[in-house]
Amino acid sequence: MQKLVQEVLLQEAAAIAAAAQRLDPGEVDRALALLEGCQGCGAKLVVTGVGKSGIVARKIAATFTSIGLMAIYLNPLDALHGDLGVVAPKDVVLLLSRSGVSSELLAMLPHLRRRGSRCIAITGGLQSPLALSCEVVLDGGVDREVCPLNLAPTASTAVAMAIGDGLAAVWMQRRGISAQDFALNHPAGALGRQLTLTAADLMLPVQRWPPLAAMAPLPEVLAGLTAAGVGAAWVADPQRPGRLRGLITDGDLRRTLQQKPAHQWAGLTASQLMTADPITVQPQLLAVAALELMERNRRKAIAVLPVQAEDGELLGLLRLHDLVQAGFS
């Protein structure tokens, strides 16, 4: 059974490879020129097809939308009953049909021409009515489907989807789409989080925990560490309100108590417990870079990072816990 499935995959791969050899370079260039012009004039890509071709059309539209070209799927049946209103004069329409004789698509063509839309066909029927009515025709034909009956759209839909992917990939290259551009349309994905979320997005605002004075006694420090549930307290600079003089973490407290004899604990103040030169970050730093700073710091383990503005004002505190909760690891 496994070998049979492998054979089907190899047949579909062969169909895609054969389609790659049949594609007319001139037609491909014209298709890409239309897509680039579409973006340049603020128009959109409309992708349409019937049945299984319609499912492929939805995928192609979703791909282009995700890389920055506005694209929609248009159901041909709905188009003929009012939805043609979504097609603007400068839009590019990509029509998918294995045979090129789908009556629903052919019925749309006069109305698309009347609107001034430019049409690209992906079809195996190069002399079909659909192909003859479109400005650009991309050969999506196959010798046969991988369906044993040569009936169910299989190899032909794989070829059509591969051509759509090819157009999208080259469009990205020509437009210079970067990983950062891609991430803007994928904020919930791992890549989107890494390239868009900053320290400011994930930090706890400084208003969550009021500052301590440098001479605050140990009981006040303990209250400050536990009050907001942050696991850290900050010591304000008396000469510059809102500026950080030092940071006290649970770890700072434990280390100091271990170093000092118990009879000296009662006299400890915030200035003796704090780290006077904590590592800080600016709000625009990417969260993934902040995490790397925490993990690779050689001085000591870092679980919290103060976030400061350029002028030194303390804005908030970024915790390792918050980074992990946001999906960074």
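You'll find the structure just up there.
Here is a short report on the structure shown in this document. (Residues numbered from 1 in each chain as written. Predicted model: local features only at pLDDT ≥ 70, side-chain atom pairs only at ≥ 80, totals over all residues. Heavy atoms only, no water.)

1. Structural notes on the overall build of the protein chain
Along the protein chain, the regular secondary structure elements total 15 helices and 10 strands. Taken over C-alpha atoms, the radius of gyration comes to 31 Å for the protein chain, far larger than the 20 Å a tight globule of 329 residues would show. Across its three principal directions, the C-alpha atoms of the protein chain cover 95 × 50 × 35 Å. Looking at the 329 residues of the protein chain, the share that counts as buried comes to 43%. When contacts within the protein chain are restricted to residue pairs at least 6 apart in sequence, long-range pairs at least 24 apart make up 66% of them. Total accessible area on the protein chain stands at roughly 16,800 Å², and carbon and sulfur atoms take up 57% of it. For the protein chain, the distance from the average position of its 29 positive side-chain charges to the average position of its 28 negative side-chain charges is 2 Å. (Helix = DSSP H or I, 4+ residues; strand = E, 2+ residues; numbered from the N terminus. Rg over C-alpha atoms; globule rule 2.2 N^0.38 Å. Buried < 20%, exposed > 50% of the residue type's maximum accessible area, 1.4 Å probe, protein only. Contact = heavy atoms within 4.5 Å. Areas by Shrake-Rupley, 256 points an atom, 1.4 Å probe, with all protein chains shown as cover. Lys, Arg positive; Asp, Glu negative; His and termini not counted. Charge placed at Lys NZ, Arg CZ, Asp CG, Glu CD.)

2. What about empty space enclosed by the protein?
One simple way to see leftover space: roll a probe sized like a water molecule over the atoms. Taken as a whole and judged by the stated rule, the model has 1 cavity of 30 Å³ or more. Lining the largest cavity we find S53, V56, L96, S97, R98, I122, T123, G140, P153, S156, T157 and A160. By residue number, the principal contributor to the lining of the largest cavity is helix α7 (residues 155-175), which donates 3 residues. Grouping the amino acids of the lining of the largest cavity by side-chain chemistry returns 5 nonpolar, 6 polar and 1 charged. (1 Å grid on protein atoms, 1.4 Å probe; cavity = no way out; pocket = protein on both sides within 12 Å on 5 of 7 lines; lining within 4 Å. Points joined across faces, edges and corners; volume = space filled by probe spheres on them. Nonpolar A, V, L, I, M, F, W, Y, C, P; charged D, E, K, R; others polar.)

3. Description of the sheet that holds strand β9 (residues 304-308)
On the basis of which strands lie adjacent, the open sheet formed by 3 strands has the order β6-β10-β9 and antiparallel pairing. Of all strands in the sheet, those with a lone pairing partner are β6 (204-205) and β9, marking the two edges. For β6 and strand β10 (residues 314-319), the ladder comprises 2 bridges, and the chain directions are antiparallel. Residue pairing in the sheet places P205 in a bridge with G316 of β10. (Pairing = 2+ DSSP bridges.)

4. Some details on the pairing of β10
Taking burial as the measure, the 6 residues of β10 include 5 buried ones, the bulk of the element. Summarising the sheet, β9 and β10 pair through 5 bridges and their orientation is antiparallel. Counterpart to P306 in the pairing with β10 is L317. Between β9 and the antiparallel strand that follows it, β10, lie 5 residues; G312 among them carries a positive phi value of about 95°.

5. Some remarks on the packing of helix α2 (residues 25-40) against α7
Viewed as axis vectors pointing N to C, α2 and α7 meet at an angle of 55°, and their least axial separation amounts to 10 Å. The angle between the axes of α2 and α7 places the two elements in the oblique class. The two elements α2 and α7 cross, and the hand of that crossing is right-handed. Note on element contacts: α7 touches α2 through L167, V170, W171, R174 and R175, opposite D29, A31, L32, L35, E36 and Q39. (Axes fitted to C-alpha atoms, helices over the stretch in contact; angles between N-to-C directions. Parallel < 35°, antiparallel > 145°, perpendicular 65-115°, else oblique. Left-handed = near helix turned anticlockwise from the far one by under 90°.)

6. Remarks on unusual backbone geometry
The phi angle at N150 is positive, at roughly 60°, despite the residue not being glycine. With respect to the helices and strands, N150 occurs in the loop between β5 (136-139) and α7.

7. Some thoughts on the side chain of S53
For S53, the location among the structural elements is in helix α3 (residues 52-66). Look at S53 and you get buried, because its relative accessible area is 16%. Other than its neighbours up to four places away in sequence, S53 contacts L96, S97 and R98.

8. Things to note about helix α14 (residues 287-296)
Along α14, the positions that sit buried rather than exposed are A287, A290, L291 and M294. Within α14, the buried residues cover an arc of 100° as seen down the axis, which keeps them to one side. Each element contacted by the buried residues of α14 is listed here: α10 (199-202), β9, β10 and α15 (320-325). (Arc of directions from axis to C-beta.)

9. Quick notes on the pairing of β9
Regular strands show a simple pattern: their side chains alternate between the two faces of the sheet. Judged by how many residues are buried, β9 sits mostly within the fold: 5 of 5 residues are covered. In β9, alternate side chains face the same way, and those of V304, P306 and Q308 on one face and L305 and V307 on the other are all buried.

10. Overview of the pattern of salt bridges
Scanning the entire structure with this criterion turns up 12 salt bridges. For the salt bridge of K44 with D91, the shortest nitrogen-to-oxygen distance reads 2.7 Å. Residue K44 is located in the loop between α2 and β1 (45-49), and its partner D91 is located in the loop between α4 (76-79) and β3 (92-97); the two are separated by 47 residues in the primary sequence. Like K44, the residue D91 is buried in the burial classification. A salt bridge links R118 to E135; the nearest nitrogen and oxygen atoms lie 3.3 Å apart. You can see R118 sitting in strand β4 (residues 118-123) and its partner E135 sitting in the loop between α6 (129-133) and β5, a full 17 residues away along the chain. Owing to a relative accessible area of 39%, R118 belongs among the partly exposed residues under this scheme. Taking relative accessible area as the criterion, E135 reaches 37% and is therefore assigned partly exposed. (Salt bridge = Lys/Arg side-chain N within 4 Å of Asp/Glu carboxyl O.)

Spatial relationships are all this shows, so hold off on functional conclusions.
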